[in-house]
Amino acid sequence: MIEVEHLSKTFRVQKKQPGFVGSLKGLFRRETVEKHAVRDVSFRVDEGEIVGLVGANGAGKTTLVKMLTGIVHPTSGQARVLGFDPWERDDRFRHQIALIMGQKSQLWWDLPAADCFLLLQEIYRIPEADFRARLDELAETLGVKTLLTTPIRRLSLGERMKMELVAALLHAPRVLFLDEPTIGLDIGAQRAIREFLLAYRERHRPAMILTSHYMEDIERLCKRLLVIRDGQLVYDGPLEQIVQKYALHKVVTAHLRRDGVAVAVPSFDGLGEVIETTPDLVRVRVPRARTAEAAARLLEGLPVADLAIEEVDIGTIVQRIFDERSGTRP
Amino acid sequence: MRPRLFLHVVGLEARKRLSYRFDFWIQALVSFAAELGIAWFLWQAIFHESGKTVIGGRTLDDMVLYYVAVILVAKLARGNLFAVAVASEIYDGGLNRYLVYPVPYLGFKLAQSLGTLLPATIQLFAFGAIFPFLVKGSLAHPTAASVAMGLVSILVAHVLYFVMQVCLEGVAFWADNVWSLNVALRLVSGLLGGIMIPLAAFPDAWQPVLAALPFRHVFSDPVEALLGQRTFLAWAGDLGVALAWTAAFTLVARWVFRRGSYAYTGVGI
């Protein structure tokens, strides 16, 4: 569905010297520098796949998405989405894709959502029966039915994002690009949108590319990860695989009963490392394969009220990949 | 662009504009009264001080009627200052949505621009109906046919001004904050198109220059057609020239957008 080969994008960015004198000089002459936003990126995405695209700010994620949606022309390389060159902006291509940008509304600010959706019905030529059925289903599932007559600018961020989702899915796109769809949302709204996207994927099987800084988005939604750094793809593979490779340990936390009796932490020599002890808890870092053994030792040796086993979060894993590639990994 | 979608966008934009009640009444009353007041006092003083009863082929009553007409026509021909907003959409990334949606951007913007004309159209008919009775000494004799010719000219004038504006605002692909170009177009077209001074009042040496520029087709021609001061043949000839200008600027606008899309960053890297 999406095939990307050696795609690159270089922007020419103007530099302006600071201060008043710099501003005056800038009126006559400005220095430009080249910014390599995306460098020689290749990958493919199949039907029904949700692929997570992660990287630091300015890594090139959004530029890559903009190229695949046809907003920006590449400097070199090729991409085919649904068999089309995106930047040719063929209407047959544009009828089958959707883009949601968390930081930039795709809807018309002054219009109520219902008017925006009617306009989109006209733009995408959606038959009336299909339009009504999809709008009912999407608005019901996302819980925004009562907000359809409210102007977009009067909605909360979470409500607006749900409306963006409705708008993006009305024409049943086969490829969906989600650029930071949960940015700035509270935990509840983030969870609602994640669950909605999972359910939608199950029912309709679109290909999705998701960029997010919230690692929970990636962990919950994506089985495959693309990690991008300084415009280059540094990892393309299963999420599980990098977890196995870069998250060699888990952290087991035992929350202790407070019955006033001092306790001695059992020895974890040869098994793991005690990383924190307080009167209330003990935290131990152990190899993934020996997690159960460590948990059993904690349960045997301590008055455990509760036990938690934590994975290393994906953000830390991505940072480790970056560190490894740049040779700074300790 | 499909006519059905085009009309949908026009209707949507018109409804939106009418919902801004404050803006509607300010535009309708304050700006109209201010512009007309300035012209009224200025020309009264000019006629009084010069001792002439006819200047540039117009009496004072004719001159006032011309200003009423040109102020109302200009509102329709130029449309709302912020309606097109091509430069700002390039600058802030609002253009992205039109590149993703299967719509022709310029057609969509033209439909939006036409939709913003509804308040000005109401004003044209409201004020335009009253003024001929107030200015009884005028030599102008609008008829149903002249009004029809005028309305067609205004529609073409709007499209012509729109494409000129789009060509200039397209500079935003290469330079930030080009809003001043839009203001410059307003001033230059207003001066050379007959808003500030009727074209007949310009010196004779200027007349060939004014005739060769597109601006007269935006303001002066529709006003004269509306007031019944053009024969059908003269009107049709001018309309043909206006359409040719429109076609030429449309080609330039399409070229600007095709080239500009290579430079477009979608804002933020």
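Not measured: the values here are computed from a predicted model.

## Points about the sheet that holds strand β11 (residues 273–277) of chain A
All names here are of chain A. Strand order in the open sheet formed by four strands is β11-β12-β10-β13, with antiparallel pairing between adjacent strands. Two strands lie at the open edges of the sheet, namely β11 and β13 (304–310), each paired on one side alone. With strand direction ignored, the average angle separating the axes of adjacent strands in the sheet is 20°. Pairing of strand β10 (residues 249–256) with β13 involves six bridges; the strand directions are antiparallel. Counterpart to A254 in the pairing with β13 is L307. On the sheet, helix α10 (residues 291–301) packs against β10, β12 (281–287) and β13 and is oriented at approximately 165° with respect to β13.

## Some remarks on the interface of chain B and chain A
Contact with chain B, which involves 30 residues of that partner, is made by 34 residues of chain A. Between chain B and chain A, a total of about 3,000 Å² is buried, with carbon and sulfur atoms accounting for 58% of that surface. Among the salt bridges present, the one from D115(A) reaches R15(B), with a minimum N-O distance of 3.5 Å. Joining chain B to chain A, the criterion identifies eleven residue pairs in polar contact (both at pLDDT 80 or more). Elements represented by at least two residues in the side of chain B that touches chain A include exactly α1 (3–19), α5 (95–100), α6 (105–115) and α12 (232–263) of chain B. Of the residues forming the side of chain B that touches chain A, the biggest block, seven residues, is contributed by α1(B). Broken down by class, the residue content of the side of chain B that touches chain A amounts to 15 nonpolar, nine polar and six charged.

## Details of the confidence of the model for chain A
When pLDDT is averaged along chain A, the result is 86; 97% of the residues meet or exceed 70. Averaged pLDDT values for the elements of chain A fall to 73 in helix α11 (residues 314–326) of chain A and rise to 95 in strand β4 (residues 76–81) of chain A.

## Overview of the domain arrangement of chain A
Under the domain assignment, chain A is made up of domain 1 (2–244) and domain 2 (248–310). Taken over C-alpha atoms, the centre of domain 1 of chain A sits 42 Å from the centre of domain 2 of chain A.

## Considering the environment of S8(A)
Residue and element names in this part refer to chain A. Secondary-structure assignment places S8 in strand β1 (residues 2–15). Along the chain, S8 and G60 lie 52 residues apart, while their C-alpha atoms are 10.0 Å from each other. Polar side-chain contacts of S8 include one of 2.8 Å to the backbone nitrogen of D40.

## Details of α1(B)
With 17 residues, α1(B) should cover 24 Å at 1.5 Å per step; its first-to-last C-alpha distance of 24 Å lies within 8% of that length. Within α1(B), burial applies to L5(B), F6(B), V9(B), V10(B), L12(B), E13(B), A14(B), K16(B) and R17(B).

## A short note on the pattern of salt bridges
If you walk through the whole model with that rule in mind, you get 28 salt bridges over all chains. The shortest N-O distance in the salt bridge between E310(A) and R283(A) comes to 3.3 Å. Within this pair, whereas E310(A) is found in strand β13, its partner R283(A) is found in strand β12, the two being separated by 27 residues in sequence. Judged by relative accessible area, E310(A) falls into the partly exposed class, the value being 33%. Bridged by salt links that share partners, the residues R58(B), R216(B), D221(B), E224(B), R230(B) and D238(B) form one connected network.

## A look at the packing of α6(B) against helix α8 (residues 144–169) of chain B
Residues and elements named next belong to chain B. In the contact formed by α6 and α8, the axes pass within 11 Å of each other and the chain directions differ by 130°. With respect to α8, the axis of α6 lies oblique. The crossing of α6 and α8 is right-handed. Contacts from L106, K109, L110, S113 and L114 in α6 reach L155, H158, V159, F162 and V166 in α8. Its residues assigned to classes, the contact of α6 with α8 shows seven nonpolar, two polar and one charged.

## So, the packing of aromatic side chains
Here the distance between the centres and the angle between the planes together describe a pair of aromatic rings. In total, this model carries 19 aromatic pairs over all chains according to the counting rule given. With centroids separated by 5.7 Å and ring planes inclined at 45°, the aromatic side chains of F202(B) and W206(B) adopt a geometry described as tilted. For F202(B), a relative accessible area of 9% puts it in the buried group. Through a chain of ring-to-ring contacts, three or more aromatic side chains come together here, namely W108(A), Y124(A), Y98(B), Y101(B), Y105(B), F108(B), F173(B), W174(B), F257(B) and Y264(B). Taking NZ or CZ as reference, R97(B) lies 5.1 Å from the ring centre of W108(A), over its face.

## Things to note about the sheet that holds strand β7 (residues 207–211) of chain A
Residues and elements named next belong to chain A. The six strands lie next to each other as β5-β6-β7-β3-β8-β9, forming an open sheet whose pairing is mixed. In the strand order of this sheet, the two ends are held by β5 (97–101) and β9 (232–238), each with one partner. For this sheet the average axis-to-axis angle between neighbouring strands, irrespective of direction, equals 15°. Helix α9 (residues 239–246) contacts β8 (224–229) and β9 of the sheet and is inclined by roughly 100° relative to β9.

## Structural notes on unusual backbone geometry
Excluding glycine, residues mostly have negative phi values, and the peptide bonds linking residues are mostly trans. Notably, R125(A) is not glycine yet its phi reads approximately 55°, a positive angle. Residue position: R125(A) is located in the loop between α4 (113–124) and α5 (128–142).

## As for the nonpolar core
One finds I2(A) and F117(A) to be the most contacted residues of the largest nonpolar core, which totals 170 residues. In terms of residue count, helix α3 (residues 60–78) of chain B provides more of this core than any other element does, 14 residues in total. In contact with I2(A), not counting residues within four places along its chain, are F43(A), R44(A), V45(A), L68(A), R80(A), V81(A), V175(A), F177(A) and I209(A). V282(A), V284(A), L298(A) and L302(A) belong to the second largest nonpolar core, which has twelve residues in total.

Rules behind the numbers
Residues numbered from 1 in each chain as written. Chains lettered and ligands numbered in written order. Predicted model: local features only at pLDDT ≥ 70, side-chain atom pairs only at ≥ 80, totals over all residues. Heavy atoms only, no water. Pairing = 2+ DSSP bridges. Helix = DSSP H or I, 4+ residues; strand = E, 2+ residues; numbered from the N terminus. Axes fitted to C-alpha atoms, helices over the stretch in contact; angles between N-to-C directions. Contact = heavy atoms within 4.5 Å. Buried area = accessible area lost by both parts, 1.4 Å probe. Salt bridge = Lys/Arg side-chain N within 4 Å of Asp/Glu carboxyl O. Polar contact = N/O pair within 3.5 Å; in protein donor to acceptor, adjacent residues only side chain to side chain. Nonpolar A, V, L, I, M, F, W, Y, C, P; charged D, E, K, R; others polar. pLDDT = per-residue confidence, 0-100. Domains from an automatic or database assignment. Expected span 1.5 Å × (residues − 1). Buried < 20%, exposed > 50% of the residue type's maximum accessible area, 1.4 Å probe, protein only. Parallel < 35°, antiparallel > 145°, perpendicular 65-115°, else oblique. Left-handed = near helix turned anticlockwise from the far one by under 90°. Phe/Tyr/Trp six-rings, centres within 6.5 Å; stacked < 30°, edge-to-face > 60°. Lys NZ or Arg CZ within 6 Å of the ring centre and 35° of its normal. Core = buried A, V, L, I, M, F, W, Y, C linked by side-chain atoms within 4.5 Å.

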